[in-house]
Amino acid sequence: MDSFQDILFRLKSYWAERGCVIQEPYDLEVGAGTMAPETFLRVLGPRPYRVAYIQPSRRPADGRYGENPHRLYKHWQLQVILKPAPADIVEQYLGSLRAIGIDLRRHDFKFEEDNWESPTLGAWGIGWQAMLDGLEITQFTYFQQCGGVDLDLVPVELTYGMERLTAFLQGKDNVFDIEWARGFTYGDVRRADELQFSVYNFELAGVATLWKLLELHEGECQRLLEAWPDYPDKKRFPVLAAYDQVLKCSHLFNLLDSRGAISVTERVGVIGRVRKLAVAVAAMWLEQEALG
Amino acid sequence: MSGLDLLLEIGTEEIPHWMIPPALRDLERLFQELLQASRLASGAVPIRVDATPRRLVLRASSLPERQPDSEELLTGPPRTAAFKVGQPTQAALGFARKLGIEVSALEIQSTPKGDYLCYRKQVAGRATRDILADALPELILKIYFPKTMYWTGKGGPRFVRPIRWLVALLGDEVVPFEVAGVQSARTTCGHRVLGTPAIEVSIDDYQEKLRENYVLLAAEERRRKIQQGVDALLAGTGLRLKPDPGLIETLVHLTEYPTPVLGSFDAEFLALPEEVLVTVMRHHQKYLSVTDSEGRLTPNFIAVMNMDGDPEGLVRQGNEGVLRARLHDARFFWTVDQRKKLEERLADLAHVTYQAKLGTYRGKTDRMVALVRELGGSEHAVRAALLAKCDLTTEMVKEFTELQGVIGGLYARAQGEPEAVWRAIHDHYRPESMEDAIPSSLEGRLVSLADKLDALKGCFAQGLIPSGSRDPFALRRAAQGVVRILVEGKLALPLKKFLGPDAALAEFFEDRLRYYYRDVRGLRYDEVNAVLAAGWDDLTDLESRLVALQQVRPTENFEPLAVSFKRIKNILRQAEFTRRGTVDPALLEPGPEQELYGRFHAVRALRVFRGARDYACDLEDMASLRPQVDQYFDKVLVNAPDARLRQNRLTMLANLLGEFSAIADFSEIVTTE
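None of the values given here were measured: they were computed from a predicted structure.

What counts, and where the lines are drawn
- Residues numbered from 1 in each chain as written.
- Chains lettered and ligands numbered in written order.
- Predicted model: local features only at pLDDT ≥ 70, side-chain atom pairs only at ≥ 80, totals over all residues.
- Helix = DSSP H or I, 4+ residues; strand = E, 2+ residues; numbered from the N terminus.
- Rg over C-alpha atoms; globule rule 2.2 N^0.38 Å.
- Buried ≥ 20, exposed ≤ 12 C-beta atoms within 10 Å, placed from the backbone.
- Contact = placed C-beta atoms within 7 Å.
- Domains from an automatic or database assignment.
- Pairing = 2+ DSSP bridges.
- Axes fitted to C-alpha atoms, helices over the stretch in contact; angles between N-to-C directions.
- Nonpolar A, V, L, I, M, F, W, Y, C, P; charged D, E, K, R; others polar.
- Parallel < 35°, antiparallel > 145°, perpendicular 65-115°, else oblique.
- Left-handed = near helix turned anticlockwise from the far one by under 90°.
- Arc of directions from axis to C-beta.

Novice: What is the right way to look at the overall build of chain B in this model?
Specialist: Along the backbone of chain B there are 25 helices and 22 strands. The C-alpha radius of gyration computed for chain B amounts to 35 Å, which surpasses the reference 26 Å derived for 673 residues by more than 25%, pointing to a less compact arrangement than a globule. C-alpha atoms of chain B, sized along the principal axes, occupy 110 × 95 × 50 Å. Counting across all 673 residues of chain B, residues that qualify as buried make up 36%. For chain B, the proportion of contacts with a sequence separation of at least 24, taken over those separated by at least 6, is 65%.

Novice: Quick question: what am I supposed to make of the domain arrangement of chain B here?
Specialist: Interface size is often expressed as the accessible area that is lost when the parts come together. Domain boundaries in chain B define domain 1 (4-66 + 127-212), domain 2 (70-123), domain 3 (219-337), domain 4 (343-463 + 484-493) and domain 5 (547-668). In this structure, domain 2 of chain B and domain 3 of chain B have C-alpha centres spaced 78 Å apart.

Novice: I would appreciate a short explanation of the pairing of strand 7 (residues 107-111) of chain B in the present structure.
Specialist: Residues in a regular strand point their side chains to alternate faces of the sheet. Residues and elements named next belong to chain B. Where burial is concerned, little of strand 7 is hidden: 0 out of the 5 residues are buried. Pairing analysis gives 5 bridges linking strand 7 to strand 8 (residues 114-123), with the strands arranged antiparallel. Considered in strand 8, the bridge of T111 is made with G114.

Novice: What exactly am I supposed to notice about the sheet that holds strand 4 (residues 70-78) of chain B here?
Specialist: Within a sheet, adjacent strands bond to each other through the backbone by hydrogen bonds, running parallel or antiparallel. Residues and elements named next belong to chain B. Reading across the sheet, the 3 strands line up as 4-8-7 and stay open at both edges, with antiparallel pairing between neighbours. In the strand order of this sheet, the two ends are held by strand 4 and strand 7, each with one partner. For this sheet the average axis-to-axis angle between neighbouring strands, irrespective of direction, equals 45°. Strands strand 4 and strand 8 of the sheet are contacted by helix 3 (residues 90-99), whose axis makes an angle of about 150° with strand 4.

Novice: Help me out: how do you make sense of the interface of chain B and chain A in this one?
Specialist: Each side of the interface is counted separately: chain B has 27 residues, and chain A has 33 residues. Every element with two or more residues in the side of chain B that touches chain A is listed here: strand 9 (149-150), strand 20 (297-305) and helix 9 (314-337) of chain B. Take the side of chain B that touches chain A: its biggest share by element is 7 residues, from helix 9 of chain B. Grouping the constituent residues of the side of chain B that touches chain A by class yields 14 nonpolar, 8 polar and 5 charged.

Novice: Whenever I open this one, the packing of helix 6 (residues 207-227) of chain A against helix 7 (residues 239-258) of chain A confuses me. Can you help?
Specialist: The packing of two helices is summarised by the inter-axis angle and the distance between the axes. Residue and element names in this part refer to chain A. Where helix 6 meets helix 7, the axes come as close as 9 Å, and the angle between the chain directions of the two elements is 155°. On the basis of the axis angle, helix 6 is roughly antiparallel to helix 7. Of the two possible hands of crossing, helix 6 and helix 7 adopt the one that is left-handed. Where helix 6 approaches helix 7, its residues V207, L210, W211, L213, L214, H217, E218, E220, C221, L224 and L225 are matched on the opposing element by A241, A242, Q245, V246, K248, C249, L252, F253, L255 and L256. Of the residues assigned to the contact of helix 6 with helix 7, the class counts are 16 nonpolar, 2 polar and 3 charged.

Novice: What should I look at first to understand the domain arrangement of chain A in this one?
Specialist: Residues and elements named next belong to chain A. Looking at the assigned domains, one finds that chain A contains domain 1 (4-200) and domain 2 (206-290). The interface of domain 1 with domain 2 comprises 21 residues on the first partner and 21 residues on the second. Residue composition of the side of domain 1 that touches domain 2, grouped by class: 12 nonpolar, 6 polar and 3 charged.

Novice: Looking at this structure, how should I read helix 3 (residues 89-99) of chain A?
Specialist: Each α-helix turn comprises 3.6 residues. Residues three or four places apart therefore point the same way. Residues and elements named next belong to chain A. Taken together, the buried positions of helix 3 are occupied by I89, V90, S96 and L97. One face of helix 3 carries all of its buried residues, which in axial projection span an arc of 115°. Exposed residues lying more than 90 degrees from the buried face of helix 3 are E91 and R98. In this fold, the buried residues of helix 3 make contact with helix 1 (4-17), strand 3 (74-83) and strand 9 (156-161). Within two residues after helix 3, G101 carries a phi angle of roughly 90°, on the positive side.

Novice: Would you mind showing me how to read the environment of P560(B) here?
Specialist: Relative to the helices and strands, P560(B) resides in helix 21 (residues 558-574). Residues P560(B) and A623(B), spaced 63 residues apart in sequence, show a C-alpha to C-alpha distance of 8.9 Å.

Novice: How should I be thinking about helix 19 (residues 525-533) of chain B in this particular structure?
Specialist: Buried within helix 19 of chain B are the following residues: E527(B), V528(B), A530(B), V531(B) and L532(B). Phi turns positive one or two residues past the end of helix 19 of chain B, at G535(B), with a value near 105°.

Novice: Explain the packing of helix 1 (residues 20-37) of chain B against helix 4 (residues 128-142) of chain B here, please?
Specialist: Residues and elements named next belong to chain B. Where helix 1 meets helix 4, the axes come as close as 10 Å, and the angle between the chain directions of the two elements is 150°. On the basis of the axis angle, helix 1 is roughly antiparallel to helix 4. Our pair here, helix 1 against helix 4, has a crossing hand that is right-handed. In this structure, helix 1 uses L30, F31 and L34 to contact helix 4, whose residues at the interface are A135, L139 and K142. For the contact of helix 1 with helix 4, a count of residues per class yields 5 nonpolar, no polar and 1 charged.

Listed below in structure tokens is the structure:
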């Protein structure tokens, strides 16, 4: 039986063999692999790119103190971007399932419509959830827009939910029981993390501090955006640092949300603020890219 | 009949199941139009369209090899300029030279503008294959889908999902064309897992080759396979399928080779309400539910695979595991939600936005309560209105939003609310579609009315008015719901009073009324227009007038009288006369005028005497005036030179018109004359 990490290794080598850069996770808190600059920024513009990376994704509101067998505050996504999407992409994807030992002749595989959308990123795409025996194992999306911009080349994004996929392969009902490596379960590695961050996110996070931080990061991003037009050597300009500030804002928003500190009315407003930054950074990145 | 057969297969990645049937209808229509426009068929050609998630297929037979030849008339110089003393001029010679023929091949044709030198050019019909090769790429991309994508790069063609292969055969030959970089050929593709990816086909063996490769092309075949599979699974178990034709259709269009599999779940989950179990199974997993012979849910489900079998039980086990997790969640939500009663959630509604401009659900609740009281609701109805929206703060509704209302009702029952209250909460979103029933109880109907009327008034007041296909707040459905509850629930309420003074809202409702009677109930449009033009408020009254009009319409006097009413209306309009008033009997001429007056008064007295509204009697009485009305118009000059006389006559006609126009405006009736 393959362990959690075996499966990760296999998928990474599978996509490495298909020309992907194997990246490591982005070192800031993100809600999904899509938000890492390797996806959000790289899908923009006319330059082809192929990348695969694991991205631990934090969704504070989904935490359950490590007690729910299926829900996690932080889960592992394997993110694959092929830009542009090759014509045989579905075949390649099915090949990746075979590579981790899924004999599709003994299971039931379906693509069911599921169009992905991220209002905070001004991004959306057309696609499916890939269902294996009734379980959603991958989100499969042809990106159409990112940062409010129509994409030049249409990338495909494959997002594998690694815990679910492993639980399925190992026949486990509880993600904490899956084997991470010989002698270590997922629970051994991660339970404390789930418990402590649930306590922090739901109970102890300082609301006033989080709001303050959100404003500070938003301000820093805006300061950079304002400095851009007059900056003399645009190729040196820290567009990527400005994007880091967007990611910080997005995560702080999620934290405030899980803390119950954002009313429904405020929600729309804050999402709008983050979206505005994301869209502006995307435009700046495209301009910088065009300089070559 | 001989001719050529055509096979067109558009091979795609998986098309969303609900878009498939309308796309096929559109494909068929577009192709029929192409045949007509390119003169490849004179009448409707036998066409068959089929689809699976990965292919849209059109087959036609008896197409001609080529278009019929045609003739084109090319006009040259006028005769006077073409010939001088019997000899062709330079103009005529030039015209012939341009066409590459002799002048002798030209002829004189007379036109309204005079005689001209002309050439009848014989145009050979184009080969059908060439016409199709030119037209099919555009036709394919014209098929309508509610949401499309591009995949070859910005500005590239749009389709529902990427096109990956194309089969186009006319007889034995490929119709050559290209769409989105894909070249048409004779190679199709089998089932993703069970079939071969590249299969060469001919028109004759196409369907059979697909079948060999685990693709059942015809939806009816897949439907039958599901049905037979279900029957085989349930045979001898005493279990029954809970009928769900909508879900079966979904599964038919989600599979190329459907095979049902029977699974089970722990019986302890049956403690959850049936609605919750069915929703988890149906909406989230697309499983069919199973009952015992009494119709009670059993701890089983049927999943439909896109496979030929599950000999090792792996698919069943996988699906059981997924369902178990989902049911665990549902039970967890149920338990957590019971810790806080619905009533205690009222305050929380102040934090739930109803709509940015319309405030919170707390405010909406207050308005609904007030409206239910105005509508004459009982204390039970008022209580239901108060609690109706509280389930929006429950974990269960956050997870299963489609169960809003239903969950509130079930929680209210569990928390000891009387049946009249919980049932009203349970039903208050109904009717959710044209097929859905209206709430079963009076309390439920009133709460539903209050909910919908509040939404309509609120949105219209804020200018959030539906336009074209944009109706983000589902206001058309809300108004349709109001109409159906009032009409089908026979609630005699002054609707206009509840709509308020907003003219746009009244007009919107009139539109909905027209739609309801004409398109849903299938009534004749002129009758609906006639009754609506006479005004509407209490919809049960509107309904009675419509029914009466329908009854009286076929009687022999009715239509001629409707014609006379139109005439009266015109006379009054031309005279700019609208007043009803008192007729001076002394000014009436003996004969037809007095007779009509007398008969009209007798009829009016009868109406007063009957008192209660009986529109059919009223209309019959009116129709009985026909001989007098006919005579009147034969013999009496309404526009008499004497002003007093004219005034008196117009008054009588206005009275006559007014008396019956409250039932229907007869000038709207389309008469054969």
